[in-house]
Amino acid sequence: MPDLSHTPGAYYALAYWLSCTFYIAQLPRRLRGPRLAAVQGGFLAAIAGFMILTDGVPMAWFLPCMSVCVTLMLLDIKACCGLDWLKTGYVCIRAFILGEFAAALEWQLFYFGLTVLGLPLRMWVNLLFLVLSHGAVFAVMSLLERKYRSSYLIDFTWREFASAVVLCLMVFAASNLSYASQNTPFSSPFTSEIFIIRTLVDLGGVAILYAYHVQLQVLSTRLEMASLQNMLQLQYNNYRISEDSIALVNQKYHDLKHHIHLLRAQASSGEKLEYLDQMEREISAYEAQNKTGNRVLDAILTAKSLQCQREEITLTCVADGGALDFMHPMDLSALFGNALDNAMEGVKKLSNPDKRLIHLSVARQKGFLRIRVENCYEGELDLKAGVPASTKQDKRYHGFGLKSIQATAAKYGGSMTIGSKDGWFELRILFPLSPTHDKEASHGDHQQD
C-alpha cells in the first residue's frame, strides 16, 4: 500500500489548471482557438512539471514553491484574458482556492473509498473519483457563477483586492495547518482528520470568496444606480433651469418685436427701415429654431445650441418631437442631455474646428422611434461592456452617461447601440411605438399630403 497521506503534486496541478480554465471561460478572452489551446497546454505542462519536480520538498521550500504555482496561474489568466493586473489577481485568488478545494475533495473521497469502502487500488478507481469529483465541483460552480459573469468587469479598488488576498491567505493557512504542525488545537495527527479539515476549510474559503464576490457586485450595482439617479436628477434640474431661462428670453424677444413695429412706424429713412427689417429677420430666425413639437426637447436643444456656439461646435437637428410624447420629461432630459453632452465632450478633443460636428435626428420609422446622435471623432473605438473604454484615472465613475441612456431606453422597451463608421461615432436608440403613435403619424402625413 503506497503512502496515501500525501496528495500527489500532479493532482493539485490538474485542479489548478481546471480552475484557471473554468474562470477563463467566464471572462472576455483575447485568445481563442488554437492560440488559446496552445497557451493552456503550455500552462498545464509547466505547472504539472513543476509540481511533480517539487513534490515532497522540505517545509522550508513549501511556500516559495506555492508562490511559483500562483504566479503561473496569474500569468495564464493574464495571457488568455483582457483584464488589468488588479482584476487578474482577483480572479487568480478565486481560481487558486477553488483548485485547492477540488484537489482536496478528490483525494479525500479517493482515500475514503480505499480505506473505508474497500475499493481496490487501481488506476480506473482513481480516474473515476477524478472525473466525478471535479465534474461535480465545476458543474456547481458554473451554476453559481452564471449570474455573475459580468461582475468581473467591474472596477476593483486596492482595498477590495487586499481584502480578497487576506481571505485567501487565511484559508490557505488554516487548511494546511496540520501539515505544518500537528500539535495545535486546530490540527490533527490523523490522516483522515487532516483531509477532513483541509477539505472543509477549503470549502469554506470557496463559499466566503463567492459571498464576497456577490457582495462586491451588489455594492457596485447600488453605487451605479445611485449615480444614475443623481445624473437623472441633475439633467432634469438643468432642463428646468434652461426652460425658465429660455422662457424669459422668448418673452423679451416677443416684446422686442412690438418695439420694432413701433420704431418702424416712426422711422423715416430707408437705412433705418432696412436695419429694423434685419433685426426682425433675426428674431424670426431665433423663434423658428429648435421648434420640434416637444417643449422639453426644444429647451434642451436651445440650451445645448448656445453652449455649442461658445465651444465653436456645429449642432444640427432634424427631430419629430411629437413622437416623444410617451416619455416622461425627466427621462427625456436625461436621455438627450447625456447624449449631447457626450457628443460635445468627444468633439471638443478634436484639434480641427471644422470637424466639431454633431447631428441629431429623431424620426418615426416602421413602428419604431429612431434616435441617432452622430459626432466626428478620431482614433479607434475601444468598447468595454458595451461602452467606450475610459481614459480617465478614476474609472469607477466613468460611463454613467451612456449607462443612464441605456437604462432609459430599457425602461420604455427600447435598446441602445454604439458604433463607428468613417470617422463618425454613432449612438443609436430604438423605441417601439404603440399603435396610437403610428396612427397619429399616419394622420399627420395624410394632412401634409
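Residues numbered from 1 in each chain as written. Predicted model: local features only at pLDDT ≥ 70, side-chain atom pairs only at ≥ 80, totals over all residues. Heavy atoms only, no water.

Visitor: What should I look at first to understand the side chain of Ser404 in this one?
Guide: Mapped onto the fold, Ser404 is located in helix 12 (residues 400-411). Among the polar contacts made by the side chain of Ser404, one reaches the side chain of Asn338 at a distance of 3.4 Å. (Helix = DSSP H or I, 4+ residues; strand = E, 2+ residues; numbered from the N terminus. Polar contact = N/O pair within 3.5 Å; in protein donor to acceptor, adjacent residues only side chain to side chain.)

Visitor: Help me out: how do you make sense of empty space enclosed by the protein in this one?
Guide: Remark: the empty space left among the atoms is shown by a probe the size of a water molecule rolled over them. The tally for this structure, following the rule as stated, stands at one cavity of 30 Å³ or more. Estimated volume of the largest cavity: approximately 30 Å³. In terms of lining residues, the largest cavity is bounded by Tyr23, Arg94, Ile97, Leu98, Gly205, Val206 and Leu209. Sorting the residues of the lining of the largest cavity by element identifies helix 4 (85-115) and helix 8 (191-266) as the ones contributing at least two each. For the lining of the largest cavity, the class distribution of residues is five nonpolar, one polar and one charged. (1 Å grid on protein atoms, 1.4 Å probe; cavity = no way out; pocket = protein on both sides within 12 Å on 5 of 7 lines; lining within 4 Å. Points joined across faces, edges and corners; volume = space filled by probe spheres on them. Nonpolar A, V, L, I, M, F, W, Y, C, P; charged D, E, K, R; others polar.)

Visitor: It is not clear to me how the pairing of strand 3 (residues 368-376) should be interpreted in this structure. Could you clarify?
Guide: Consecutive side chains along a regular strand alternate between the two faces of the sheet. Across eight bridges, strand 2 (residues 357-365) lies against strand 3 in antiparallel orientation. Bridged to His359 within strand 3 is Glu374. When strand 3 meets strand 7 (residues 424-432), the two strands line up antiparallel, connected through nine bridges. Pairing of Leu369 across the sheet is with Phe431, part of strand 7. (Pairing = 2+ DSSP bridges.)

Visitor: What am I meant to see in the confidence of the model for the protein here?
Guide: For any part of a model where pLDDT is low, the fine detail of the predicted coordinates should not be relied upon. When pLDDT is averaged along the protein, the result is 80; 75% of the residues meet or exceed 70. No element of the protein has a lower mean pLDDT than helix 13 (residues 435-448), which averages 47, and none a higher one than strand 3, which averages 93. Note on residues 439-449: pLDDT under 50 across the span, and one contact to partners over four residues away in sequence or across chains. (pLDDT = per-residue confidence, 0-100. Contact = heavy atoms within 4.5 Å.)

Visitor: Which parts of the structure should I look at to understand the pairing of strand 1 (residues 314-319)?
Guide: With six bridges joining them, strand 1 and strand 2 adopt parallel strand pairing. Across the sheet, Leu315 pairs through a bridge with Ile358, a residue of strand 2. Crossover strand 1 to strand 2 through helix 11 (residues 329-347) is left-handed. (Right-handed = clockwise from strand over helix to strand, strands pointing away.)

Visitor: What's the story with the nonpolar core in this structure? I'm lost.
Guide: Proteins that are soluble and globular tend to have nonpolar side chains buried together. In terms of nonpolar packing, the biggest core is built from 50 residues, with Tyr16, Met73, Ile77, Phe96 and Leu98 touching the most fellow members. Only helix 1 (9-26), helix 2 (33-53), helix 3 (62-80), helix 4, helix 5 (123-145), helix 6 (158-175) and helix 8 provide two or more residues apiece to this core. Of the residues forming this core, the biggest block, 13 residues, is contributed by helix 4. If we ignore the near neighbours within four places in the chain, the residues touching Tyr16 are Phe43, Ile47, Met51, Met66, Met73, Phe96, Gly99 and Glu100. Listed in part, the 37 residues of the second largest apolar core include Val296, Leu369, Tyr412 and Phe431. (Core = buried A, V, L, I, M, F, W, Y, C linked by side-chain atoms within 4.5 Å. Buried < 20%, exposed > 50% of the residue type's maximum accessible area, 1.4 Å probe, protein only.)

Visitor: Honestly, the pattern of salt bridges in this entry has me stumped. Any pointers?
Guide: Should their charged atoms come close, side chains of opposite charge can pair. Counted by the stated rule, this structure contains seven salt bridges. As a salt-bridge pair, Glu312 and Arg356 come within 3.9 Å of each other at their nearest N and O atoms. With Glu312 in the loop between helix 10 (295-310) and strand 1 and Arg356 in the loop between helix 11 and strand 2, this residue pair connects regions lying 44 residues apart in the sequence. With a closest N to O distance of 2.5 Å, Asp320 and Arg364 form a salt bridge. (Salt bridge = Lys/Arg side-chain N within 4 Å of Asp/Glu carboxyl O.)

Visitor: What am I meant to see in a nonpolar patch on the surface here?
Guide: A contiguous nonpolar surface patch, about 360 Å² in accessible area, is contributed by Phe112, Val116, Leu117 and Leu119. With respect to the element layout, Phe112 can be found in helix 4. With relative accessibility at 41%, the residue Phe112 sits in the partly exposed group. (Patch = residues over 30% accessible without salt bridge, like charges linked within 9 Å, V, L, I, M, F, W, Y side chains within 5 Å. Areas by Shrake-Rupley, 256 points an atom, 1.4 Å probe, with all protein chains shown as cover.)

Visitor: Please explain the packing of aromatic side chains as it appears in this structure.
Guide: Centre-to-centre distance and the angle between the planes together describe a pair of aromatic rings. Applying the stated criterion across every chain, the model contains 14 aromatic pairs. On the numbers, 5.1 Å between centres and 80 degrees between planes, the contact of Phe22 with Tyr23 is edge-to-face. Taking the centre distance of 5.8 Å and the plane angle of 50 degrees together, the rings of Phe22 and Phe138 count as tilted. Of the two residues, Phe22 sits in helix 1 while Phe138 sits in helix 5, which places them 116 residues apart along the sequence. One exposure class covers both Phe22 and Phe138, and it is buried. Put simply, the rings of Tyr12, Tyr16, Phe62, Phe96 and Phe172 pair up and form one aromatic cluster. (Phe/Tyr/Trp six-rings, centres within 6.5 Å; stacked < 30°, edge-to-face > 60°.)

Visitor: Explain the packing of helix 2 against helix 3 to me, please; I cannot follow it from the model alone.
Guide: Two numbers describe a pair of packed helices, the interaxial angle and the distance between the axes. With their axes 10 Å apart at the nearest point, helix 2 and helix 3 run at an angle of 180 degrees to one another. When the axes of helix 2 and helix 3 are compared, the pair comes out roughly antiparallel. Between helix 2 and helix 3, the contacting residues are Leu36, Val39, Gln40, Phe43, Ala46, Ile47, Phe50 and Met51 on the first element and Cys65, Val68, Cys69, Leu72, Met73, Asp76, Ala79 and Cys80 on the second. For the contact of helix 2 with helix 3, the residue count by class is 14 nonpolar, one polar and one charged. (Axes fitted to C-alpha atoms, helices over the stretch in contact; angles between N-to-C directions. Parallel < 35°, antiparallel > 145°, perpendicular 65-115°, else oblique.)

Visitor: Looking at this structure, how should I read unusual backbone geometry?
Guide: Comment: phi is negative for the bulk of residues other than glycine, and the bulk of peptide bonds are trans. Its identity is not glycine, yet Glu312 carries a phi of approximately 60 degrees, on the positive side. Even without being glycine, Asp422 reaches a positive phi, approximately 55 degrees. Tracing the backbone shows Asp422 in the loop between strand 6 (415-421) and strand 7.

Visitor: Is there a simple way to think about the environment of Trp424 in this case?
Guide: Along the chain, the position of Trp424 falls in strand 7. Judged by its relative accessible area of 28%, Trp424 falls in the partly exposed class. It is 4.5 Å that separates the C-alpha atoms of Trp424 and Cys376, two residues lying 48 residues apart in sequence. Each residue touching Trp424, except ones within four places of it in the same chain, is listed here: Leu357, Glu374, Asn375, Cys376, Tyr377 and Gly419.

Visitor: Sorry if this is basic, but what is going on with the environment of Asn294 here?
Guide: Locating Asn294 in the fold gives a position in the loop between helix 9 (270-288) and helix 10. For the pair Asn294 and Leu324, spaced 30 residues apart in sequence, the C-alpha separation works out to 7.2 Å. Contact partners of Asn294, with chain neighbours within four places excluded, come to Gly321, Leu324, Asp325 and Leu332.

Visitor: Any chance you could explain the sheet that holds strand 6 here in plain terms?
Guide: Strands belonging to one sheet form pairs held by backbone hydrogen bonds; the direction of such a pair is parallel or antiparallel. Strand order in the open sheet formed by five strands is 1-2-3-7-6, with mixed pairing between adjacent strands. In this open sheet, the two edge strands, each paired with only one partner strand, are strand 1 and strand 6. Strand-to-strand twist in this sheet, taken as the mean axis angle between neighbours without regard to direction, amounts to 15 degrees. Strand contacts of helix 10: strand 1 and strand 2, with the helix running at about 165 degrees to strand 1, the strand carrying the most contacts.

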